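Reading the structure
The chain contents come next:
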Amino acid sequence: MMQRGPPPEEFLLKETNPHLGGGKVTGDKLTSTYDLVEQMQYLYIRVVKAKDLPGKDVTGSLDPYVEVKLGNYKGTTRHFEKNSNPEWKQVFAFSKDRLQASVLEVTVKDKDFVKDDFVGRVLFDLNEVPKRFPPDSPLAPQWYRLENRKGEKVKGELMLAVWMGTQADEAFPEAWHSDAAAVSGMDGLANIRSKVYLSPKLWYLRVNIIEAQDLQANIQGRYPEVFVKVILGNQSLRTRISPNRTVNPMWNEDLMFVAAEPFEEPLIFSVEDRVAPNKDEVLGRCAIPLQYVDRRFDHKPVNTRWFNLERHVVVEGENKKETKFASRIHTRICLEGGYHVLDESTHHSSDLRPTAKQLWKQSIGVLELGILSAQGLMPMKTKDGRETTDAYCVAKYGQKWVRTRTIIDSFTPKWNEQYTWEVFDPCTVITIGVFDNCHLHGGDKGGGSKDSRIGKVRVRLSTLETDRVYTHSYPLLVLHPNGVKKMGEIHLAVRFTCSSLLNMMHMYSHPLLPKMHYLHPLTVAQLDSLRHQATQIVSMRLSRAEPPLRKEIVEYMLDVGSHMWSMRRSKANFFRIMGVLSGLIAAGKWFDQICNWKNPITTVLIHILFIILVLYPELILPTIFLYLFLIGVWYYRWRPRHPPYMDPQLSHAKSAHPDELDEEFDTFPTSRPSDIVRMRYDRLRSIAGRIQTVVGDLATQGERLQSLLSWRDPRATALFVTFCLVAAVVLYLTPFQVVALITGFYVLRHPRFRHKLPSVPLNFFRRLPARTDSML
């Protein structure tokens, strides 16, 4: 078996001690809303409006704008044409770290073709600027008389508010920042601001096609080969050809789609006849708006409905609707609210709730994330002859996506932004990605250039202790065709706060997914296809937001393409299994040493234990549980004190052969020239992808077994250790024959007494963490 040494120092997680919340993690009322980030001081200037501005042109008109200047930093409002009473309502923010002057200058100017004319200004001494701390109400703006360059009052007034605040200020997200002075245009500024996005609400749409009646087919001495094609947006599925080849065909076939609110596109049925191998004739069509489709939250059947089919005929070159047409189709259509629509990899799900809000349980806690800074980022592009990086972060948990502001031209950006999510299940994962912004100057809405990936981090909530603030610097590792590469480090502060420990412990006995996934399970092929459709819908909707969360960002965060086969991943999963089996192998070697009297004292003790257990068989089970309890308590001293992180050793990213990486980064279908090789190669990759998934799932089960006593999930191990103690005590007090009888009757119980949902031990086991979170 391959021996894995310790990973290089640069790939390790590092614990840090940042100055959070202005010095206090909790308890400071001035910083309680932003207690997971370092305070950043800003000078804010709110330019509201002006009145009675004097005319400057020959015509006496004025095209006013305001210039806010502090040292070398200068921000300007938009200008108004021929308006002496303009309203701007814009906010400017200057970072206190970069203040280069002690006087703030706010100047009103007249836009001109040659040189902008000076109208008047207002000066502020920075030592006199008041401080504001949310949740105080915003500072009321005041009217200030304009002065000329000599300090004399002139005609016109300007309404302003000037204050010192932090990034917790409500004005912060929409403000113009001195850090982004190089960015031009409103589109460019919109592309660098922090934003919150929401995924569209997704439903599974079940279409049961039962039969059709009175079809009008051009038969001409043959039996019609009728099938139904169902289209929803860019999703298209079809039934098999009806076995009873008549004009009244039957199918009784289920098709599944993903639909997103608001339902903009209708469901289209197209009944078609296969008249030749590559020729289909449309016998009738109908469109059904999804707004009128029944919604169900359980497995009770919905009513069937008949829909009339419309036939389009070509008359004199024009496509016309035929009215005298009595064909119809019998269907059962419903939007399934009882399923969770999977748009993420099941190993890294951040949300497991059903679609229907009526089925949601109350939240069990709050997740708070402080995105502090990054260090040592690699240069991602060349601008004006020099290498640079314009970095921003995206975090995804549940339906809420957050995007930090872009820090311009910095390899050590400091964001210090804090975000909060409701938590409904502790066995979920938050994903944080770092990207390089390639759309600073607006434009390029077609998406010619793409934002570059710098790396991502995943944190499983169940591996976090409640109410503890984790401050770590995570390595940003990305796999390239030439091997694994560290792109920098991201500094995060994470806190998981639980509202009710009892409710959270109770969650470990619940099924991971909603009931419908077990009562009416979908096939693996269906789930793969539906997940692909769901990710496409989410990426399309978020890329239509303003500013867009681009397709390449969403797909990277949702792990699109992670199911594709690669030699590296297959080897990594094989060695994960070997790692799990190594415990059994070690136990076998130990027993072999006992048998061979390698350590006589141990062998004698085992003989004594063996005699006791043979004479008193009722002690076997309580001894095992007591032993497991003692091991669990013993391992508590070495429980992990940091969240899991990307491990290139586990992923075999460091030891992968260049040819294997070339194969992994190859296109699918392959770009190899030979048609035969392409066909065989793609088939091999497709089959091997399924094998890889099965092997990975086997490894996951073994790792979950290991995590019972490892304290990787502190609550789960606490539950299991407590159960072991209780079981040991109960089994000591209960006669063994009674235990054996009850166990035998329970295992052999009648199906009537069996529940369709998974048992409590199985639910608990499925919720245990595996090492999938650490896989690249």
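Owing to the predicted nature of the structure, the values given are computational and were not obtained by experimental measurement.

Conventions we followed
- Residues numbered from 1 in each chain as written.
- Predicted model: local features only at pLDDT ≥ 70, side-chain atom pairs only at ≥ 80, totals over all residues.
- Heavy atoms only, no water.
- Helix = DSSP H or I, 4+ residues; strand = E, 2+ residues; numbered from the N terminus.
- Expected span 1.5 Å × (residues − 1).
- Bend = angle between axes of the 7 residues up to and from the residue.
- Buried < 20%, exposed > 50% of the residue type's maximum accessible area, 1.4 Å probe, protein only.
- Phe/Tyr/Trp six-rings, centres within 6.5 Å; stacked < 30°, edge-to-face > 60°.
- Lys NZ or Arg CZ within 6 Å of the ring centre and 35° of its normal.
- UniProt positions renumbered as here; feature names shortened; annotations may be inferred.
- Core = buried A, V, L, I, M, F, W, Y, C linked by side-chain atoms within 4.5 Å.
- Salt bridge = Lys/Arg side-chain N within 4 Å of Asp/Glu carboxyl O.
- Contact = heavy atoms within 4.5 Å.
- Polar contact = N/O pair within 3.5 Å; in protein donor to acceptor, adjacent residues only side chain to side chain.
- Patch = residues over 30% accessible without salt bridge, like charges linked within 9 Å, V, L, I, M, F, W, Y side chains within 5 Å.
- Areas by Shrake-Rupley, 256 points an atom, 1.4 Å probe, with all protein chains shown as cover.

1. Focus on helix 6 (residues 567-595)
Compared with the 42 Å implied by 1.5 Å per residue over 29 residues, the 41 Å span of helix 6 between its first and last C-alpha is a close match. Taking the largest bend as the criterion, helix 6 deviates by roughly 35°, centred on Leu581. Residues of helix 6 that are buried include every one of Arg568, Arg569, Ser570, Ala572, Asn573, Arg576, Ile577 and Ile594, and no others. Phi turns positive, to about 55°, at Trp597, one or two residues after helix 6.

2. Looking at the packing of aromatic side chains
In the structure shown here, the tally under the stated rule is 17 aromatic pairs. Aromatic rings pair up to connect Tyr42, Tyr44, Trp163 and Phe172 into one cluster. Across from the ring centre of Tyr556, 4.3 Å away, lies the NZ or CZ of Lys456, which sits over that ring. Above the plane of the ring of Tyr470 lies Arg468, whose end atom (NZ or CZ) is 4.1 Å from the centre.

3. Comments concerning the UniProt feature "transmembrane region" (unreviewed entry) in the chain
What UniProt calls "transmembrane region" (unreviewed entry) maps, in this numbering, to residues 574-591, 603-636 and 718-748. Helix makes up 100% of residues 574-591 and strand 0%, whereas the separation of the span's terminal C-alpha atoms amounts to 26 Å.

4. Here we look at the nonpolar core
Counting 66 residues, the largest nonpolar core has Tyr204, Leu369, Trp401, Trp421, Ile430, Ile490 and Leu492 as the members making the most contacts within it. By size, the runner-up hydrophobic cluster in this structure holds 33 residues, among which are Val66, Val108, Leu126 and Trp176.

5. Quick word on the pattern of salt bridges
Tallied over the full model, the rule gives 39 salt bridges. One salt bridge connects Arg121 with Glu105, and the closest N-O pair in it is separated by 3.5 Å. Here Arg121 is found in strand 7 (residues 117-125), whereas its partner Glu105 is found in strand 6 (residues 103-110), with 16 residues between them in sequence. A salt bridge links Arg295 to Glu261; its shortest N-O distance comes to 3.6 Å.

6. Quick word on the environment of Arg453
Here Arg453 lies in strand 30 (residues 452-460). For Arg453, a relative accessible area of 46% gives the class partly exposed. Sequence spacing of Arg453 and Ala391 is 62 residues, and the spatial spacing of their C-alpha atoms is 9.7 Å. When residues no more than four places from it in sequence are discounted, the contact partners of Arg453 are Met380, Val434, Phe435 and Tyr556.

7. Overview of helix 11 (residues 714-733)
Here helix 11 contains 20 residues, and its C-alpha end-to-end distance of 29 Å stays within 8% of the 28 Å for a straight helix at 1.5 Å per residue. Those residues of helix 11 not exposed but buried are Pro714, Arg715, Ala716, Thr717, Phe720, Val721, Cys724, Ala727, Ala728 and Leu731.

8. Topic: the side chain of Thr107
Along the polypeptide, Thr107 turns up in strand 6. Polar side-chain contacts of Thr107 include one of 3.5 Å to the side chain of Glu105. If we ignore the near neighbours within four places in the chain, the residues touching Thr107 are Tyr65, Val66, Glu67, Phe118, Gly120 and Arg121.

9. Concerning a nonpolar patch on the surface
Nonpolar side chains collect at one region of the surface, where Trp597, Ile601, Val604, Leu605, Ile608, Phe610, Ile611, Ile612, Leu615 and Tyr616 lie side by side and expose about 1,100 Å² of accessible area between them. Turning to its location among the elements, Ile601 is positioned in helix 7 (residues 600-615).

10. Focus on the side chain of Glu336
With respect to the secondary-structure elements, Glu336 resides in strand 22 (residues 328-336). Reaching out from Glu336, the side chain makes a polar contact with the side chain of Arg206 at a distance of 2.6 Å. There is a polar contact of 2.7 Å between the side chain of Glu336 and the side chain of Arg296. Glu336 has contacts with Trp203, Tyr204, Arg206, Arg296, Asp298, Thr355 and Met516, leaving out every residue within four places of it along the chain.

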